[in-house]
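Spelled out, the chains give:
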Amino acid sequence: MKSDRASQNEMRNVNTPGILLAILYISVIGPAVFIVQPGFVHGLIAGYHFNDQEAGYIASAEMWGIAVTTLVMGFVLHRFNWRTMMALAALVIAAANFLNGTITPIQHSLPLSLIVRGLAGLGSGVFVSLSFTLIGLTSKPQRNFGLLVIAVLCFGAFGLFVMPSALSLIGMNGVVIFFGLLSLSALPLLRLLPTSADEVIDIDPDAVEVPRIYAALMVAVMAVFFIGQTSVWAYLYLIGLNGGVSEQGVANGLSASSFSGIFGAMFATLIGLRFGRIAPTAVAVAGSIISLAFLFGQFSSLVFTLAAGAYCLFWNFMHPLLLSFLSKIDKTGGILAHGIAAQMLGTAAGPALAALIVTHNDYSRVLWLGICLYALTLVMVLPLLLHLHHNGSRRLH
């Protein structure tokens, strides 16, 4: 009874512009390093003198930290105060980044770097999990998931554009410390957010129940898609350099690609179900594969910009689609939580898997890995989409 009264007295309308903006801001903090990962990996190599494989492992450690936290959060969301968890997470992220940016032995030790980046990932996972959960509680989750992706991509576009200048002016130490300060900037906004799901409950009335095999397959799709996506994304900066493009040319191309990703997310939000589910998914996968095919061998700065732009456009067009598929078959929020955890596991596994197969100055295997896993994504998601299509057709008759 006491918790019920507290809940009623502290209800938060997550659809108000102020609270929604706060949610979108904290949604950037969790994946902040990941979204600029090509530049971050380059900074690990140029600033801290790790080799290609070591840099891939370090990037993967942070993603594994995020993945572990998102898995755990599914079991503790209803037990602890959300604001307290995010405040503690912000402090963990800040501490890990400040240690990484100020202690020289950490910067040149692979084991110590894996530990501090893993700790940063553990804190970041709290922000990732809760930001997706909060968006799922809004009255228009599909639109707001698109806005979340757009917010993250805007940060990425700016970050990738300024990364070369930042590395030159403040070095990798300054870049790492910045990410610590970014996490602390969320603290004043936490008071606007609900402390638990009891304060805001809004389940999609159009969600449907499906056999468990389809739900399990959809969760697995999230992992496969993001393994393919992050395996390429982690090395895209180096793929551009190896293809003959200048460092600033690569930075410009990746920055432009982030803006194309914004358009991809916006388009996914705008079209809704006008073209069904199968056709947009097939177009997104085919477009991703074709864009990666242009990154083999040597290429011009223009080709890199166009290919990277198309790659980001179709990836960010696909992401809201996959989230909407999860929401469609989720009446309790549990499937979405598992899907986000699978997404984070894929995000963590991608760079590590790519690091295992990359060879010096040859990234063709990484590109082939991405192409194959995108194709597998389409094969795995089709059964669910066909099931939803057939059930929808039956209701019409």
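Residues numbered from 1 in each chain as written. Predicted model: local features only at pLDDT ≥ 70, side-chain atom pairs only at ≥ 80, totals over all residues. Heavy atoms only, no water.

Our focus in this paragraph is a nonpolar patch on the surface. On the surface, Val68, Leu71, Val72, Val92, Leu112, Ile115, Leu119 and Leu122 cluster together to form a nonpolar patch covering roughly 600 Å² of accessible area. Broken down by secondary-structure element, the contributors of at least two residues to the nonpolar patch are α5 (52–76) and α8 (110–136). If you tally residues by element for the nonpolar patch, the top one is α8, at 4 residues. Take Ile115: it is sitting in helix α8. (Patch = residues over 30% accessible without salt bridge, like charges linked within 9 Å, V, L, I, M, F, W, Y side chains within 5 Å. Areas by Shrake-Rupley, 256 points an atom, 1.4 Å probe, with all protein chains shown as cover. Salt bridge = Lys/Arg side-chain N within 4 Å of Asp/Glu carboxyl O. Helix = DSSP H or I, 4+ residues; strand = E, 2+ residues; numbered from the N terminus.)

Right, let's talk about the packing of helix α11 (residues 212–233) against helix α15 (residues 301–328) for a bit. The geometry of α11 relative to α15 is characterised by a closest axis approach of 11 Å and an angle of 165 degrees between their N-to-C directions. Of the possible angle classes, the one that applies to α11 and α15 is roughly antiparallel. Between α11 and α15 lies a crossing of left-handed hand. Residue-level contacts link Met218, Val221, Met222, Phe225, Phe226, Gly228, Gln229, Val232 and Trp233 of α11 to Tyr311, Cys312, Trp315, Met318, His319, Leu322, Leu323, Phe325 and Leu326 of α15. Here the contact of α11 with α15 is composed, by residue class, of 15 nonpolar, 3 polar and no charged. (Axes fitted to C-alpha atoms, helices over the stretch in contact; angles between N-to-C directions. Parallel < 35°, antiparallel > 145°, perpendicular 65-115°, else oblique. Left-handed = near helix turned anticlockwise from the far one by under 90°. Contact = heavy atoms within 4.5 Å. Nonpolar A, V, L, I, M, F, W, Y, C, P; charged D, E, K, R; others polar.)

With that settled, the discussion passes to the side chain of Arg117. On the secondary structure map, Arg117 appears in helix α8. In this structure, Arg117 is in contact with Val33, Phe40, Ile58, Ala61, Glu62, Asn97, Asn100 and Val176, ignoring residues within four places of it in sequence.

Let us now look at helix α6 (residues 82–102). In a regular helix each residue adds 1.5 Å, so 21 residues correspond to 30 Å; α6 covers 30 Å between its end C-alpha atoms and thus fits that length. Along α6, the residues classified as buried are Trp82, Arg83, Met85, Met86, Ala89, Ala90, Ile93, Ala94, Ala96, Asn97, Asn100 and Gly101. An end-on view of α6 places all buried positions within 165 degrees of arc, on one side of the element. In this structure, α6 carries Leu88 and Thr102 as exposed residues pointing more than 90 degrees from its buried face. (Expected span 1.5 Å × (residues − 1). Buried < 20%, exposed > 50% of the residue type's maximum accessible area, 1.4 Å probe, protein only. Arc of directions from axis to C-beta.)

In total, this model carries 1 salt bridge according to the counting rule given. Among the ionic pairs, Glu62 bridges to Arg117, the shortest N-O distance being 2.9 Å. Taken together, the residues Glu62 in helix α5 and Arg117 in helix α8 connect sequence positions 55 residues apart. Residue Glu62 is classed as buried on the basis of its relative accessible area, which comes to 4%.

Turning our attention to the confidence of the model for the protein. Mean pLDDT over the protein: 85, with 91% of residues reaching 70 or higher. Taken together, the stretch residues 1–9 has pLDDT below 50 and engages in 2 contacts with residues farther than four places along the chain or on a different chain. When the criterion is pLDDT under 50, residues 393–397 qualifies, and its contacts beyond four places in sequence or with other chains add up to 1 contact. (pLDDT = per-residue confidence, 0-100.)

Turning to unusual backbone geometry, a few remarks are in order. Comment: phi is negative for the bulk of residues other than glycine, and the bulk of peptide bonds are trans. Residues other than glycine seldom take positive phi values, yet His49 does so here, at roughly 65 degrees. Following the sequence through the fold, His49 ends up in the loop between α4 (37–48) and α5. Judged by relative accessible area, which is 59%, His49 ranks as exposed.

Mapped onto the elements, Ile66 comes out in helix α5. For the pair Ile66 and Gly30, spaced 36 residues apart in sequence, the C-alpha separation works out to 8.1 Å. Ignoring anything within four residues of it in the chain, the contact list for Ile66 reads Gly30, Gly121, Leu122, Ser124, Gly125, Val128 and Met344.

Attention now moves to the packing of α6 against helix α10 (residues 171–184). It is the contact of α6 with α10, at a shortest axis distance of 8 Å, that shows an interaxial angle of 165 degrees. For the element pair α6 / α10, the angle class is roughly antiparallel. Helix-helix and strand crossings are classified by hand; for α6 and α10 the assignment is left-handed. Where α6 approaches α10, its residues Ala90, Leu91, Ile93, Ala94, Asn97, Phe98, Asn100, Gly101 and Thr102 are matched on the opposing element by Asn173, Val176, Ile177, Phe179, Gly180, Leu181, Ser183 and Leu184. Residues of the contact of α6 with α10, tallied by class, amount to 10 nonpolar, 7 polar and no charged.

Let's shift gears to the packing of aromatic side chains. By the definition in use, this model includes 12 aromatic pairs. Between Phe299 and Phe304, the aromatic rings sit 6.0 Å apart at their centres with planes inclined by 10 degrees, giving stacked as the arrangement. As far as the burial class goes, Phe299 and Phe304 line up, both buried. Put simply, the rings of Phe225, Phe226, Trp233, Tyr311, Trp315 and Tyr374 touch in pairs and so form one group of aromatic residues. (Phe/Tyr/Trp six-rings, centres within 6.5 Å; stacked < 30°, edge-to-face > 60°.)

With that settled, consider the nonpolar core. Side chains of a nonpolar character, in soluble globular proteins, are inclined to be buried together. Ranked by size, the top nonpolar core spans 130 residues in total, and within it Met218, Leu236 and Trp315 carry the most contacts. The element best represented in this core is α15, accounting for 13 residues. Setting aside chain neighbours within four positions, we find Leu236 in contact with Leu254, Leu295, Phe304, Ala308 and Tyr311. (Core = buried A, V, L, I, M, F, W, Y, C linked by side-chain atoms within 4.5 Å.)

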